[in-house]
Amino acid sequence: MNQTQKLVNATQWLRPYTRWAARFSLNAPQWLPAAVRNAPLNVSKLILRGYNLVLR
């Protein structure tokens with residue numbers, strides 16, 4: 001099994017959260033600071049980055 005497939009299988013549980021985070025970020029009011037709007041996506045990014053480092 002290649003590395004990409006391993007990452008996809010290992011992070012399958014994160015997919016619903018990532019979808020929610022993207023919806024939250026896109027639908028958040030514009031008066032919210034960008035750091036607050038993108039915080040859920042940044043958490044998801046950090047988790048994926050960690051998984052990728054572990055699976056290498």
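Refer to the preceding data block for the structure.
Since we're looking at a predicted model, the values are computed, not measured.

Draft legend 1. Broad picture of the overall build of the chain. What the chain contains, in helices and strands, is four helices and zero strands. Helices and strands appear in the chain in the N-to-C order α-α-α-α. Dimensions of the chain, computed from C-alpha atoms along their principal axes, come out at roughly 45 × 20 × 10 Å. With 56 residues in all, the chain has 16% of them scored as buried. Partitioning the intrachain contacts of the chain with sequence separation of at least 6 by distance along the chain shows that 53% fall at a separation of at least 24. A total of about 4300 Å² of accessible surface is found on the chain, and carbon and sulfur atoms cover 62% of it.

Draft legend 2. Expanded view of the side chain of Ser44. Within the element layout of this structure, Ser44 appears in helix α4 (residues 39-55). What makes Ser44 buried here is its relative accessible area of 2%. The residues contacting Ser44, other than those within four sequence positions of it, are Leu14, Tyr17 and Thr18.

Draft legend 3. The packing of helix α2 (residues 15-27) against α4, seen in detail. It is at 8 Å that the axes of α2 and α4 come closest, and there the two elements cross at 150 degrees. What the angle tells us is that α2 and α4 run roughly antiparallel. Here the hand of the crossing between α2 and α4 comes out left-handed. In this structure, α2 contributes Tyr17, Thr18, Trp20, Ala21, Ala22, Phe24 and Ser25 to the contact, and α4 contributes Pro40, Leu41, Val43 and Ser44. Of the residues that constitute the contact of α2 with α4, the class distribution is eight nonpolar, three polar and no charged.

Calculation notes
- Residues numbered from 1 in each chain as written.
- Predicted model: local features only at pLDDT ≥ 70, side-chain atom pairs only at ≥ 80, totals over all residues.
- Heavy atoms only, no water.
- Helix = DSSP H or I, 4+ residues; strand = E, 2+ residues; numbered from the N terminus.
- Buried < 20%, exposed > 50% of the residue type's maximum accessible area, 1.4 Å probe, protein only.
- Contact = heavy atoms within 4.5 Å.
- Areas by Shrake-Rupley, 256 points an atom, 1.4 Å probe, with all protein chains shown as cover.
- Axes fitted to C-alpha atoms, helices over the stretch in contact; angles between N-to-C directions.
- Parallel < 35°, antiparallel > 145°, perpendicular 65-115°, else oblique.
- Left-handed = near helix turned anticlockwise from the far one by under 90°.
- Nonpolar A, V, L, I, M, F, W, Y, C, P; charged D, E, K, R; others polar.

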